[in-house]
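Overview (structure and organization)
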Amino acid sequence: AQKITQTQPGMFVQEKEAVTLDCTYDTSDQSYGLFWYKQPSSGEMIFLIYQGSYDEQNATEGRYSLNFQKARKSANLVISASQLGDSAMYFCAMRESFTNAGKSTFGDGTTLTVKP
Amino acid sequence: EAQVTQNPRYLITVTGKKLTVTCSQNMNHEYMSWYRQDPGLGLRQIYYSMNVEVTDKGDVPEGYKVSRKEKRNFPLILESPSPNQTSLYFCASSFEGLSYNEQFFGPGTRLTVL
């Protein structure tokens, strides 16, 4: 079964500094995708970044990058130059292509607070 | 504008009174899914649909029904709601249900069952 673990319920970071949000996963599928979503206090879910299991390079999207370590089954989100607007809950999620195609698993989330 | 819409956005009801939460997407997505979000538990998948007339259970399907008669719509039905179904519900859609497609989420429906 696929499983996502986010071990940091809450994180604090100073404005303009970088922060890493941890995500480990478990899957028996060879083809899978890892996603990060942001949920601000207003409640909507916003897609941030995607990493495929066969991608050799770490994904980057603006200030977001994904530190993908396949052997360790980790997919940590790195936010550089934090801004006050980055304060939100962040979810790591996984989808598989074969074994559990259609199923999607989310972690419990990490609440990030950016301090001015 | 490409979007996923849900109605109603807020609903307070009583135990046992059947209700339907509608979900519609205008992106011609094959895949649609329902999730519930509870404090400290992330999002848990209720049901998903890979295409019209193709639905399957997620991790927490008990007490819910779905149907997919049209590509754009995926309603969530609670035949006899109970207080433990009080939650924030999200509908999502994507191109296919494969590993490389990000999901687009609706704005959420906050349901309270008294």
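Presented here is a report on the structure given in the accompanying data block. Since we're looking at a predicted model, the values are computed, not measured.

What follows deals with the side chain of serine 49 of chain B. Residues and elements named next belong to chain B. Examined against the element boundaries, serine 49 turns out to sit in strand E5 (residues 43-51). Residue classification places serine 49 among the buried positions, given a relative accessible area of 0%. Within the structure, serine 49 has its side chain in polar contact with the backbone oxygen of valine 54 (distance 2.7 Å). Excluding residues within four positions of it along the chain, serine 49 makes contact with Glu30, Tyr31, Met32, Val54, Thr55, Arg68 and Phe74.

Bringing the pairing of strand E9 (residues 87-94) of chain B into the picture now. All names here are of chain B. The buried fraction of E9 amounts to eight of the eight residues, a majority that puts the element mostly inside the structure. A two-sided burial pattern is seen for E9, the buried positions comprising Ser87, Tyr89, Cys91 and Ser93 on one face and Leu88, Phe90, Ala92 and Ser94 on the other. Of the pairings in the sheet, the one linking strand E4 (residues 31-37) to E9 comprises seven bridges and is antiparallel in character. Note that in E9 the partner of tryptophan 34 across the bridge is cysteine 91. As paired strands, E9 and strand E11 (residues 109-113) are joined by three bridges and run antiparallel to one another. Its bridge partner lying in E11, serine 87 is registered against leucine 111. Sheet analysis places E9 next to strand E10 (residues 104-105), joined by two bridges and oriented antiparallel. Its bridge partner lying in E10, alanine 92 is registered against phenylalanine 105.

The rules we used
- Residues numbered from 1 in each chain as written.
- Chains lettered and ligands numbered in written order.
- Predicted model: local features only at pLDDT ≥ 70, side-chain atom pairs only at ≥ 80, totals over all residues.
- Heavy atoms only, no water.
- Helix = DSSP H or I, 4+ residues; strand = E, 2+ residues; numbered from the N terminus.
- Buried < 20%, exposed > 50% of the residue type's maximum accessible area, 1.4 Å probe, protein only.
- Polar contact = N/O pair within 3.5 Å; in protein donor to acceptor, adjacent residues only side chain to side chain.
- Contact = heavy atoms within 4.5 Å.
- Pairing = 2+ DSSP bridges.

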